[in-house]
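Structural overview
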Amino acid sequence: MACCELKAYTVSDINFYNRLDPNMQIKIGNKFSYNVKYPKDGQGNICRGEFEVETGDIGEDKKLNIKVVVVGIFSYAPGATKEMVHTDSFKILYPYVKALITTVTANAGIKPIIIPNIDIDSQNIYRIDGNQQ
């Protein structure tokens, strides 16, 4: 059972360019970043997840690129660890990011880019607690 609940999300940034020639073949690469931030006072069991994805041509000419930043606001169960919140909020927000990239590229009149699924449970999570005294 998930320890998080999505309360709201927004696309805070989107950059897209398409300089593909008709029938041009490219190789697609993906970069992912996900961070969770908590209120400074540590109260309220609310956090902010920021998901950044960049995908596109990895060739020299970089003819196609899309970068999106999606921010989600989550509530989480009391007693949930930060690692649990990180993985659960990632799993909740990821489908929105994936759908956004597919929709933007499809609406641009090119073959839709469908980013791969990510098994967050098998990934290393790096925890950095900033400004802890």
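The present account deals with the structure reproduced in this document.

Calculation notes
- Residue numbers run consecutively from 1 along every chain, following the written order of its sequence.
- It should be noted that, the model being predicted, local features are given only for residues of pLDDT at least 70 and side-chain atom pairs only at 80 or more, the latter also being counted only at that level, while totals for whole chains, interfaces and linings use all residues.
- For side-chain calculations, the full set of non-hydrogen atoms in the structure is used, while hydrogens and water are omitted.
- A run of DSSP states H or I qualifies as a helix once it reaches four residues; a run of E qualifies as a strand once it reaches two. Both are numbered from the N-terminal end.
- Throughout this description, buried means an accessible area under 20% of the type-specific maximum (1.4 Å probe, protein chains only), exposed means over 50%, and partly exposed covers the range between.
- We call two N or O atoms a polar contact when they sit within 3.5 Å, provided that within protein one can donate a hydrogen and the other can accept it, with sequence-adjacent residues counted only if both atoms are side-chain atoms.
- Any two residues having at least one pair of non-hydrogen atoms within 4.5 Å are treated as being in contact.
- Definition of nonpolar core: a set of buried residues of the types Ala, Val, Leu, Ile, Met, Phe, Trp, Tyr and Cys, connected through side-chain atoms within 4.5 Å.
- Stacked, edge-to-face and tilted are the three classes for Phe, Tyr and Trp ring pairs, Trp counted by its six-membered ring, which pair at centre distances within 6.5 Å; planes under 30 degrees apart are stacked, over 60 edge-to-face, the rest tilted.
- Here, a salt bridge means any Lys or Arg side-chain nitrogen found within 4 Å of an Asp or Glu carboxyl oxygen.
- Here, a strand pair is defined by DSSP locating no fewer than two bridges between the strands.
- All axes here are fitted lines through C-alpha atoms, helices being fitted over the stretch that makes contact, and every angle between N-to-C directions spans 0 to 180 degrees.

**Comments concerning the side chain of Thr55**
Secondary-structure assignment places Thr55 in strand E3 (residues 46-57). Judged by relative accessible area, which is 1%, Thr55 ranks as buried. Here Asn30 takes part through its side chain, which lies 2.5 Å from a polar atom of the side chain of Thr55. Those residues within four positions of Thr55 in sequence are excluded, and the remaining contacts are Ile28, Gly29, Asn30, Asn65, Ile66, Ile101, Ile113 and Ile115.

**Some remarks on the nonpolar core**
Core analysis: the largest hydrophobic core is formed by 25 residues, its most contacted members being Phe51, Val85, Val97 and Ile101. Within the residue set of this core, elements represented by two or more residues are strand E2 (28-37), E3, strand E4 (64-76) and helix H1 (82-107). Sequence-distant contacts of Phe51, defined by excluding residues within four places in its chain, comprise Phe32, Ser33, Tyr34, Val68, Val69, Val70, Phe90, Leu93, Tyr94 and Val97.

**Topic: the packing of aromatic side chains**
This model, assessed by the stated rule, comprises seven aromatic pairs. For the pair Tyr34 and Phe90, a centre-to-centre distance of 5.5 Å together with 80 degrees between the ring planes defines the contact as edge-to-face. On the criterion of sequence distance, the pair formed by Tyr34 in strand E2 and Phe90 in helix H1 is long-range, its members being 56 residues apart. Judged by relative accessible area, Tyr34 falls into the buried class, the value being 9%. A residue is classified by how much of its surface remains accessible, and Phe90, at 5% relative accessible area, is buried. An angle of 20 degrees between the planes, with centres 5.7 Å apart, marks the rings of Phe90 and Tyr94 as stacked.

**Things to note about the environment of Thr102**
Inspection of the secondary structure assignment puts Thr102 in helix H1. Each C-alpha atom, one on Thr102 and one on Ile28, is 13 Å from the other, the two residues being 74 residues apart in sequence. Residue contacts for Thr102: discarding those within four places in its chain leaves Pro112, Ile113 and Ile114. Separated by 3.0 Å, the side chain of Thr102 and the backbone oxygen of Ile113 make a polar contact.

**Overview of the pattern of salt bridges**
Within the structure shown, the criterion is met by three salt bridges. In this structure, the salt-bridge partner of Arg48 is Glu50, at a minimum N-O distance of 3.1 Å. On the basis of relative accessible area, Arg48 is assigned to the partly exposed category, the value being 31%. A salt bridge links Lys67 to Glu52; the shortest N-O distance between them is 3.5 Å. Residue Lys67 is found in strand E4, and its partner Glu52 is found in strand E3; the two are separated by 15 residues along the sequence. The class for Lys67 is partly exposed, based on a relative accessible area of 25%.

**A few points about the environment of Ala106**
Secondary-structure assignment places Ala106 in helix H1. Once the C-alpha coordinates of Ala106 and Phe32 are considered, the two residues, 74 residues apart in sequence, prove to be 21 Å apart.

**Let's talk about the sheet that holds E4**
The strands that make up a sheet are held in pairs by hydrogen bonds between backbone atoms, and each pair lies either parallel or antiparallel. Read from one edge of the open sheet, four strands run E1-E4-E3-E2, paired in antiparallel fashion. The outermost strands of the open sheet, each flanked by one partner alone, are strand E1 (4-18) and E2. Strand-to-strand twist across the sheet, computed as the mean angle between neighbouring axes with direction ignored, equals 15 degrees. Where E3 meets E4, 11 bridges bridge the pair, whose relative direction is antiparallel. Across the sheet, Gly49 pairs through a bridge with Gly72, a residue of E4.

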